[in-house]
Amino acid sequence: MTKIGLEIHCQLTKLESKLFCPCKANYREYAPNTNICPICMGLPGTLPRLNQKAIEKATMIAMALNCSTPEKIAFFRKNYFYPDLPKNFQITQLNIYGDTSIGGSGMIIVGDKKIRITRIQLEEDPGRLIYEGSSSKNQITLVDYNRAGTPLVEIVTEPDFENPKQVREFLNILSDLLENLDVSDPSLEGAMRADANVSIEGGNKIEIKNIGSFHDLEKAVHFEITRQESLHARDILIAQETRHWDDKRKITISSRSKEEELDYRYFLEGDIPWIIIEKEIHEKLKSEMPESISSKKERYVTKYGIPDQVADVLSSDKFYSDLFDKSDTEKNAKEIANIITTDLMGLVDTKEKRQQSKLESSHLTDLADAIQSGKITRTSAKNALYEIVKSGKKLEQIISEFDLGHVSDEN
Amino acid sequence: MNLKLSALEFVNEVKNGNLSAEDFVSATIERIKKIDGTLHAFLNVNKKAVEQAQLVDKKIKSGKKVGSCFGMPLSVKDNICIKHSKTTCASKMLENFIAPYDATVISKLKEQDAVFVGKVNLDEFAMGLTTEFSAYGPSKNPWNPDYVPGGSSGGSAVSVSAFECVASLGSDTGGSVRNPASFCSVVGFKPTYGLISRYGLISYANSIEQIGPITRTVKDTAFFLNILSGLDPNDNTTINSGNQDFLDGIELGIEGKKIGIIQEMIGEGIDPAVLSATNEAVSKLEGFGAKCETISIDMVKYSVASYYTITATEAGSNLARYDNLRYGYDFPVEGFEFNSYISKARTKFGPEVIRRMILGGFVPSSGHAGKYFLKALKVKSKLTKEVLEAFKKYDYLVAPTVPILPFKIGEKIDDPVALFLVDINTVLANLTGVPSISVPFSISNGLPIGIQLLAKPNDDKSLLKAAYSLESTVKLPDVPI
Amino acid sequence: MVTEEEIEQVSKLMKIDVHDHKEFVEKVHSMINYFDILDSAGVEDEEFTIKDLPLSCLRSDKHIPYEEKLIELLKNYKGTFVRAPKMV
């Protein structure tokens with residue numbers, strides 16, 4: 001019986017500002033240490049200024065994962081020393097005085113498995129470290145605080161996953177969900193990180209840290225299961241420990257830490273009062289939440305008769321579902337869905353291509369009309385689509401320009 | 001030049017054209033030069049003070065709108081940030097720290113055309129009761145320089161008492177404004193928690209500390225409260241004070257008010273001179289038509305232990321940022337490993353700060369939190385309930401500010417627990433968040449005694465009325481320096 | 001009862017080199033002994049009092065760049081990074 005649990009950190013990259021100060025939340029465009037201010041640098045005498053929208057967005061994430069959302073939330077200090085931590089404590093959330101983090105227990109369905117969410121908490125990201133110098137004698141650490149204070153949502157699951165494939169599916173669902181909620185762009189480097197814990201046959205839970213990407217997460221989990229299984233087969237005890245993922249060698253290594261186990265001396269953050277999120281606000285947030293992926297899929301299948309697999313693709317990608325929903329779905333839903341999920345996909349398969357695309361929903365409406373009425377053939381439609389994505393010209397114009405107005409299907 | 005003006009008197013004189021800000025500030029700087037060698041209130045004197053006063057005078061002459069301070073000279077405790085000025089917290093760890101921003105209280109005073117004559121001494125990082133723990137040497141009590149001026153805002157109280165400035169900004173975590181005010185015979189006020197913004201106050205125990213003015217008169221305190229109080233977006237713990245005018249109605253008196261004398265603060269260990277001063281103060285208050293009777297607040301006897309446990313925990317966390325990487329003093333990182341570097345860098349803290357940090361690591365640690373830290377929080381909670389209950393019956397509470405007279409420099413420095421207990425009367429207001437003021441009341445054998453009044457949360461305006469009444473019954477001699 | 005070993009552990013936790021452990025043991029010992037008084041306060045069933053704030057009082061999500069080049073006012077390495085010792 002393999003058991004895998006996850007601890008996922010998602011940056012709220014779509015917010016304008018950091019969790020406790022007005023510096024930019026998405027730090028990626030900045031030269032080192034140019035996206036900082038006295039607050040996120042933890043300068044003496046500065047105090048945190050909590051971002052209202054971060055709480056709203058985090059609450060939406062909790063709701064989307066079917067978590068309980070308390071009426072009062074609190075923040076705590078996690079005290080430890082590290083160069084990327086300007087105050088040498090992190091402001092985070094805990095549930096030691098009742099349920100006070102942004103999301104309580106919830107769940108999400110992955111395939112046919114129910115994955116329980118333990119809790120969701122809001123916290124600040126630390127800065128970034130760069131190591132300079134080759135030999136261990138010369139080594140210096142360089143610190144860039146641009147990222148310090150970026151809002152993070154930590155999602156902790158119960159060890160309900162049974163295999164790496166389920167983990168992968170879950171991460172995809174989560175990425176789509178976050179993108180759909182318009183809170184985060186999971187494709188940004190470092191926007192989503194995860195730690196895992198793995199145990200087999202009711203044995204000790206091994207934590208794996210330092211996993212850099214979702215791709216590596218699947219690998220790391222797979223490696224660790226194999227490692228534990230081989231130890232188990234030789235009757236060797238799997239000791240409780242923390243391991244870290246070695247990206248170069250693609251293995252997990254025991255973290256032989258020289259320090260004793262850290263005591264974080266958690267206590268309430270005195271500079272932030274408990275925040276009241278009244279029932280009315282919860283209802284308002286719920287009503288403002290973008291339609292969930294599963295709800296979209298349901299709608300596509302039942303209302304428009306779109307085949308299950310097509311509806312899957314359409315609903316789980318915000319770019320596609322937005323295009324679909326804004327087009328004339330009353331008339332030619334199936335045709336539009338078909339165009340998107342067959343011909344269009346290849347033309348917009350990267351972020352850059354999507355950003356450069358000049359295609360609008362009205363184009364799809366026109367195209368579907370033209371195909372259905374026999375004005376152009378499927379093949380010509382494919383070519384027209386290519387042109388539209390490139391130039392944004394109206395279908396009418398393209399048909400005349402490229403002389404696509406044939407009825408016959410010969411080619 | 002008569003430097004013995006209160007803030008309101010100064011403003012009047014300047015408004016009437018009898019005095020220029022430049023002349024007064026110049027004379028103030030001269031006074032500092034003359035006596036501060038003995039008193040050591042100042043860590044840093046503002047070389048541009050006279051120049052800044054000249055600018056205010058120009059503004060006045062030109063008929064432009066002038067801020068309510070009219071160029072009056074103020075001193076500021078050196079744990080409050082003034083932009084581009086050294087802010088050391090009287091520590092070697094921040095020897096070269098230059099604040100890149102103004103504290104909110106500083107911005108507000110600058111807007112009102114105040115002139116800062118300098119930064120004044122404190123116990124290192126505000127941890128102490130006597131200013132003896134400053135890394136730059138102690139300050140001396142102007143009433144007798146062999147004696148402590150109180151702390152941690154010792155420099156503030158000394159500078160006001162000795163006419164080195166008109167008023168000062170201090171900070172009060174466990175009595176650090178009221179205690180030195182009492183020891184130096186000036187007025188010291190700790191507002192309701194959240195009334196004055198802490199943005200720019202270098203944190204020691206952020207859940208209970210407040211910036212407070214130290215002034216010559218109670219009306220001056222009201223004057224400064226009008227400038228300093230108010231909601232601040234930079235401090236999420238500030239409260240809406242409702243745009244009150246704290247001077248309005250301050251002379252209305254306390255007829256018919258009920259005042260509780262805190263039994264636990266006039267009991268065992270109190271100096272007979274302090275007890276008799278307290279009794280005299282009570283009869284003076286009764287003379288105004290107030291009804292006074294003793295009240296017991298049981299949790300007082302646990303308040304010092306609770307206070308030091310909570311503040312040590314918060315200090316341990318608030319001072320963690322001082323690892324000498326981003327600011328601090330000169331100490332290169334080459335050749336060191338992270339943990340050994342910062343452990344060595346942080347030995348620049350003074351012995352009292354180090355003791356508090358060891359305590360602060362111990363009492364909330366996983367093996368001990370239940371016995372110490374969590375219990376301390378519960379005592380704080382219960383004390384608050386008891387005090388709020390008392391305020392259902394009484395309008396004010398009264399007690400001596402400090403149970404003993406000022407003592408000699410060096411006398412208590414080696415006995416930490418004896419020093420703790422000097423705080424026993426003042427920590428209550430910090431733990432419960434209620435406003436409290438120390439009014440200078442008498443001099444006994446040349447040493448000052450102050451009387452403390454407390455009111456319920458947000459009743460700061462009413463508290464000032466009671467303090468004003470008490471103050472009006474006393475005519476104290478001037479400081480002998 | 002606080003041992004010298006415990007003081008050493010805590011000083012590692014707080015990252016301060018405490019050379020003369022014995023001196024600290026005595027003083028810290030007497031301070032902690034004093035705190036034992038809390039045991040007789042009878043507060044086991046007490047709940048914490050909490051200060052709270054409605055969501056609407058919080059800062060709105062706007063990006064406001066800090067007007068000065070802050071890194072130049074702090075310890076810096078060629079105006080870009082902060083230097084820290086090597087990590088083990």
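For the structure itself, look to the data block above.
In every chain, residue numbers begin from 1 and rise along the written sequence. Each chain is given a letter, starting from A, and each ligand a number, starting from 1, according to the order in which they appear as written. Given that this is a predicted model, residues contribute local features only at a pLDDT of at least 70 and side-chain atom pairs are listed and counted only at 80 or more, while totals for whole chains, interfaces and linings are drawn from all residues. Processing note: side-chain calculations cover all non-hydrogen atoms of the structure and skip hydrogens and water entirely.

Draft legend 1. Quick look at the overall build of chain C. Elements are defined by DSSP. Helices are runs of H or I of four residues or more, strands are runs of E of two residues or more, and each kind is numbered from the N terminus. Scanning chain C for helices and strands turns up two helices and two strands. Taken along its principal axes, the extent of the C-alpha atoms in chain C is 50 × 45 × 25 Å. Categorising residues by exposure relies on relative accessible area from a 1.4 Å probe, with only protein chains included: less than 20% of the type maximum marks a residue as buried, more than 50% marks it as exposed, and the intermediate range marks it as partly exposed. Looking at chain C as a whole, 44% of its 88 residues qualify as buried. Only the protein chains shown count as cover for residues, with accessible areas throughout obtained via the Shrake-Rupley method and a probe of 1.4 Å. Accessible area of chain C: about 4900 Å², with a carbon and sulfur share of 50%.

Draft legend 2. Looking closely at helix α1 (residues 52-64) of chain A. Residue and element names in this part refer to chain A. The length a helix should cover is 1.5 Å for every residue beyond the first. End to end, α1 covers 19 Å across 13 residues, agreeing with the expected 18 Å (1.5 Å per residue, within 8%). Of all 13 residues in α1, 11 are buried; the element is thus mostly enclosed. Listing the buried residues of α1 in full gives Gln52, Ala54, Ile55, Glu56, Lys57, Ala58, Thr59, Met60, Ile61, Ala62 and Met63. We call two residues contacting when some pair of their heavy atoms lies within 4.5 Å. Of the surrounding secondary structure, the elements contacted by the buried residues of α1 are β2 (72-73), β6 (113-124), β9 (151-157), α2 (164-180), β15 (274-276) and α4 (279-288). Pairs of N or O atoms are called polar contacts if they sit within 3.5 Å, as long as, within protein, a hydrogen donor faces a hydrogen acceptor (for residues adjacent in sequence, only side-chain-to-side-chain pairs). Structurally, the start of α1 carries an N-cap: the backbone nitrogen of Lys53 is 2.9 Å from a side-chain oxygen of Asn51.

Draft legend 3. Summary view of the pairing of strand β6 (residues 210-215) of chain B. Residues and elements named next belong to chain B. The element β6 is extensively covered by neighbouring structure, given that six of its six residues are classed as buried. Across the two faces of β6 the burial is the same, with Gln210, Gly212 and Ile214 and Ile211, Pro213 and Thr215 all buried. Sheet analysis places strand β4 (residues 167-172) next to β6, joined by five bridges and oriented antiparallel. When the sheet's bridge partners are listed, Leu169 is paired in β6 with Pro213. Note: two strands are recorded as paired if DSSP finds a minimum of 2 bridges between them. Note that strand β5 (residues 187-190) and β6 share two bridges and pair antiparallel. Looking across to β6, one finds that Val187 is bridged to Thr215.

Draft legend 4. The arrangement of the nonpolar core in detail. Put simply, buried Ala, Val, Leu, Ile, Met, Phe, Trp, Tyr and Cys residues joined by side-chain atoms within 4.5 Å make one nonpolar core. Formed by 120 residues in total, the largest nonpolar core has its most connected members in Phe125, Ile297, Tyr322 and Phe349 of chain B together with Phe35 of chain C. Counting residues per element, this core draws most heavily on helix α9 (residues 300-318) of chain B, which supplies nine residues. When sequence neighbours within four positions are dropped, the list of residues in contact with Phe125 of chain B reads Cys89, Ser91, Leu94, Ile202, Tyr204, Leu319, Tyr322, Phe349 and Val353 of chain B.

Draft legend 5. Inspection of the packing of aromatic side chains at higher detail. Residues and elements named next belong to chain B. The pairing test for Phe, Tyr and Trp rings, Trp by its six-membered ring, is centres within 6.5 Å, and the orientation test on the planes gives stacked under 30 degrees, edge-to-face over 60, and tilted for anything in between. All chains considered together, the criterion is met by 29 aromatic pairs over all chains. Between Phe125 and Tyr322 the ring centres are 5.0 Å apart and the planes differ by 40°, which places this aromatic pair in the tilted class. Pair noted here: Phe125 is in the loop between β3 (115-120) and α5 (154-161) and Tyr322 is in the loop between α9 and α10 (338-345), with a separation of 197 residues, a long-range link. The exposure class of Phe125 is buried, given its relative accessible area of 2%.

Draft legend 6. Structural view of unusual backbone geometry. Along the chain, Gly151 of chain B connects to Ser152 of chain B via a cis peptide bond; the corresponding omega equals 5°. In this model, Asn210 of chain A sits at a positive phi of 70°, which is unusual for a non-glycine residue. With respect to the helices and strands, the residue Asn210 of chain A is situated in strand β11 (residues 206-211). One non-glycine residue, Asn243 of chain B, adopts positive backbone phi at about 55°. Tracing the backbone shows Asn243 of chain B in the loop between α7 (218-228) and β7 (258-262).

Draft legend 7. Here's a closer look at empty space enclosed by the protein. Buriedness of a pocket was judged along seven lines, with at least five required to meet protein on both sides within 12 Å; pockets are open sets of points on a 1 Å grid over the protein atoms alone, cavities are sets where a 1.4 Å probe fits but cannot get out, and lining residues have an atom within 4 Å of a point. Grid points are joined across faces, edges and corners, and a volume is the space filled by probe spheres set on the points. Applying the stated criterion to the full structure yields four cavities of 30 Å³ or more. Taken as a whole, the largest cavity holds about 220 Å³ of empty space. Around the largest cavity, the lining comprises 28 residues; the ones closest to its centre are Ile39, Gly42, Lys87 and Ile91 of chain A together with Arg321 of chain B. Considered class by class, the residues forming the lining of the largest cavity number 15 nonpolar, six polar and seven charged. The space that makes up the second largest cavity amounts to roughly 60 Å³. Lining of the second largest cavity is provided by Ala126, Met127, Gly128, Leu129, Gly174, Gly175, Ser176, Tyr204, Tyr307, Tyr308, Arg356 and Asp423 of chain B. Class assignment for the residues of the lining of the second largest cavity results in six nonpolar, four polar and two charged. Residue polarity is assigned by list, with Asp, Glu, Lys and Arg as charged and Ala, Val, Leu, Ile, Met, Phe, Trp, Tyr, Cys and Pro as nonpolar; anything else, Gly included, falls into the polar class.

Draft legend 8. Broad picture of the sheet that holds strand β7 (residues 128-132) of chain A. A sheet is described by the order of its strands in space; here three strands give the open sequence β7(A)-β8(A)-β2(C), paired in antiparallel fashion. Two strands bound the open sheet, and with one partner strand each, they are β7 of chain A together with β2 (82-85) of chain C. Averaged over all neighbouring strand pairs, the angle between strand axes comes to 35°, with direction disregarded. With four bridges connecting them, strand β8 (residues 140-144) of chain A and β2 of chain C associate as antiparallel partners. Among the inter-strand pairings, Thr141 of chain A is bridged to a residue of β2 of chain C, identified as Ala84 of chain C. The angle between two axes is taken between their N-to-C directions and runs from 0 to 180 degrees, where each axis is a line fitted to C-alpha atoms and a helix contributes only its stretch in contact.

Draft legend 9. Inspection of the interface of chain C and chain A at higher detail. Residue-level contacts link 32 residues of chain C with 53 residues of chain A. Here the buried area means the combined drop in accessible surface, using a 1.4 Å probe, for two parts upon being joined, counting both sides. Counting the surface lost from both chain C and chain A, the interface buries some 3900 Å², and carbon and sulfur atoms represent 66% of this. We count a salt bridge whenever a side-chain nitrogen from Lys or Arg sits within 4 Å of a carboxyl oxygen from Asp or Glu. Summed over the shared surface of chain C and chain A, the number is one salt bridge. A salt bridge links Lys72 of chain A to Asp52 of chain C; the nearest nitrogen and oxygen atoms lie 2.9 Å apart. On the surface where chain C and chain A come into contact, there are 20 residue pairs in polar contact (both at pLDDT 80 or more). Of all the secondary-structure elements, those providing two or more residues to the side of chain C that touches chain A are β1 (52-54) and β2 of chain C. Take the side of chain C that touches chain A: its biggest share by element is four residues, from β2 of chain C. Looking at the side of chain C that touches chain A residue by residue, the class counts come to 20 nonpolar, three polar and nine charged. With three bridges connecting them, β15 of chain A and β1 of chain C associate as parallel partners. Residue Ile276 of chain A lies in a different strand from β1 of chain C, and its bridge partner there is Pro54 of chain C.

Draft legend 10. Spatial organisation of helix α8 (residues 272-287) of chain B. Residues and elements named next belong to chain B. Along its 16 residues, α8 runs 23 Å from first to last C-alpha, staying within 8% of the 22 Å computed at 1.5 Å per residue. Where α8 is buried, its residues meet β7, β8 (291-295), β9 (396-400), β10 (436-444), β11 (447-454) and α15 (460-472). The N-cap of α8, judged by a side-chain oxygen 2.9 Å from the amide nitrogen of Ala273 a few residues on, is Asp271. Phi turns positive, to about 100°, at Gly289, one or two residues after α8.

Draft legend 11. Molecular detail of the layout of surface pockets. If you add up the space inside the second largest pocket, you get close to 860 Å³. Lining the second largest pocket are 32 residues, and of these Ser207 and Lys380 of chain B together with Thr49, Ile50 and Lys51 of chain C lie nearest its centre. Elements represented by at least two residues in the lining of the second largest pocket include exactly β14 (267-268) of chain A together with α9, α12 (373-393) and α14 (427-432) of chain B. The element contributing the most residues to the lining of the second largest pocket is α12 of chain B, with six residues. Classifying every residue of the lining of the second largest pocket gives 17 nonpolar, 11 polar and four charged.

Draft legend 12. How the structure looks around the pattern of salt bridges. Following the criterion strictly, the structure yields 60 salt bridges over all chains and no others. Here Asp246 of chain A makes a salt bridge to Arg249 of chain A, at a shortest N to O gap of 3.3 Å. The partner of Glu389 of chain B in a salt bridge is Lys392 of chain B, and the shortest N-O contact between them spans 3.3 Å. Here the residue Glu389 of chain B and the residue Lys392 of chain B both occupy positions in helix α12, the gap between them amounting to three residues, near one helical turn.

Draft legend 13. Representation of the sheet that holds β2 of chain A in the model. A sheet is described by the order of its strands in space; here three strands give the open sequence β2(A)-β15(A)-β1(C), paired in mixed fashion. Either end of the sheet is taken by a strand with one partner, and the two such strands are β2 of chain A together with β1 of chain C. In the sheet, β2 of chain A pairs with β15 of chain A via two bridges, with the strands oriented antiparallel. What sits directly across from Ile73 of chain A, in β15 of chain A, is Ile275 of chain A.

Draft legend 14. Geometry of the environment of His63 of chain C. Relative to the helices and strands, His63 of chain C resides in the loop between β1 and β2. Apart from residues no more than four positions distant in its own chain, His63 of chain C is found in contact with Glu16, Ser17, Pro22, Cys23, Lys24 and Tyr30 of chain A.

Function cannot be inferred from these measures alone, as they are strictly geometric.
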